[in-house]
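# Structural characterization, general
Next come the chains, spelled out residue by residue.
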Amino acid sequence: AVASVAAAPAVAAESEAFVAFKALCQDSNGKAAPALAAADAAGWAELPGLFMKELDSMNLKPGAGGRAMVVNRKLLMMLAGRGDMGSDGEADFCAVISVNRDTDQVVRDLRALTGVEPAKDMPSDMKRFSVWAYIDGPKGREYLTDVNSRKAMKAFSDGKLTMLMAGEEQTMTIIMQMRPAA
């Protein structure tokens, strides 16, 4: 008798940027100090001061930092810190940036991670990003489909809204976690 085994469906590998994002940003809950420490422990190099100087437009607070690493011949950069959001206050963020255009793969990776589609009706300044917004509450994680809703705005002002974003800026793919500073 011959046994037959059905082939399992092929699963696309996660992008290098997404793997780094999970290890550095998700595992540190988007906080700069643990994200930077994890990058250091994994052998990431500190970004040169000249590059960090270019980020001054982000109004970063002390303690922000950046790291870089080449993975499978792809340059990845990680930035983490607290930024000034003007009248909206301050937000903690952690981002991984890939100089390779792998935005479509990163968006697929985030869809797989969250199990939901990105939010709709994004503000005009965020239309180039796919955004997932959620609140962790007593009944678990609740994803919001409208980041402009009263519920989302209240969660943001209460410091309980977390946003995951993926998009392209110039020729780079950015994947980021952001939440209001506690």
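Before any of the text, the structure's been laid out above.
Definitions and limits used
Residues numbered from 1 in each chain as written. Predicted model: local features only at pLDDT ≥ 70, side-chain atom pairs only at ≥ 80, totals over all residues. Heavy atoms only, no water. Pairing = 2+ DSSP bridges. Helix = DSSP H or I, 4+ residues; strand = E, 2+ residues; numbered from the N terminus. Contact = heavy atoms within 4.5 Å. Axes fitted to C-alpha atoms, helices over the stretch in contact; angles between N-to-C directions. Buried < 20%, exposed > 50% of the residue type's maximum accessible area, 1.4 Å probe, protein only. Polar contact = N/O pair within 3.5 Å; in protein donor to acceptor, adjacent residues only side chain to side chain. Disulfide = S-S within 2.5 Å.

Turning next to the sheet that holds strand β1 (residues 45-46). The 8 strands lie next to each other as β1-β2-β3-β4-β8-β7-β5-β6, forming an open sheet whose pairing is antiparallel. Every interior strand has two partners, whereas the edge strands, β1 and β6 (140-144), have only one. Where β1 and strand β2 (residues 65-71) come together, 2 bridges link them in antiparallel fashion. Residue pairing for β2: Ala45 is matched across the bridge by Ala68. Seen against the sheet, helix α2 (residues 32-41) touches β2, β3 (74-84) and β4 (90-98) and runs at an angle of roughly 160° to β3. Helix α4 (residues 103-114) contacts β5 (129-137), β6, β7 (161-169) and β8 (172-180) of the sheet and is inclined by roughly 160° relative to β7.

Tracing the backbone through its elements, the reader meets Leu47 in the loop between β1 and α3 (49-54). Take Leu47: its relative accessible area is 8%, and that puts it in the buried class. For the pair formed by Leu47 and Met78, sequence separation is 31 residues and the distance between their alpha carbons is 8.8 Å.

Structurally, Asp109 can be placed in helix α4. Along the sequence, Asp109 and Glu14 sit 95 residues apart, while their C-alpha atoms lie 6.2 Å from each other. Among all residues touching Asp109, those that are not within four sequence positions of it are Glu14, Ser15 and Phe18.

Quick look at the side chain of Ser15 now. Position of Ser15 among the secondary structure elements: in the segment before α1 (16-26). You can call Ser15 buried: its relative accessible area is 5%. A polar atom in the side chain of Ser15 sits 3.1 Å from the backbone nitrogen of Phe18. Beyond its immediate stretch of four places on either side in the chain, Ser15 contacts Asp102, Gln105, Val106 and Asp109.

Let's shift gears to the state of the cysteines. If you walk through the whole model with that rule in mind, you get 1 disulfide. Each sulfur of the disulfide joining Cys25 and Cys94 lies 2.1 Å from the other. With the S-S dihedral at roughly -70°, the linkage between Cys25 and Cys94 falls on the left-handed side. With Cys25 in helix α1 and Cys94 in strand β4, this pair connects stretches of sequence that are 69 residues apart. The class for Cys25 is buried, based on a relative accessible area of 0%.

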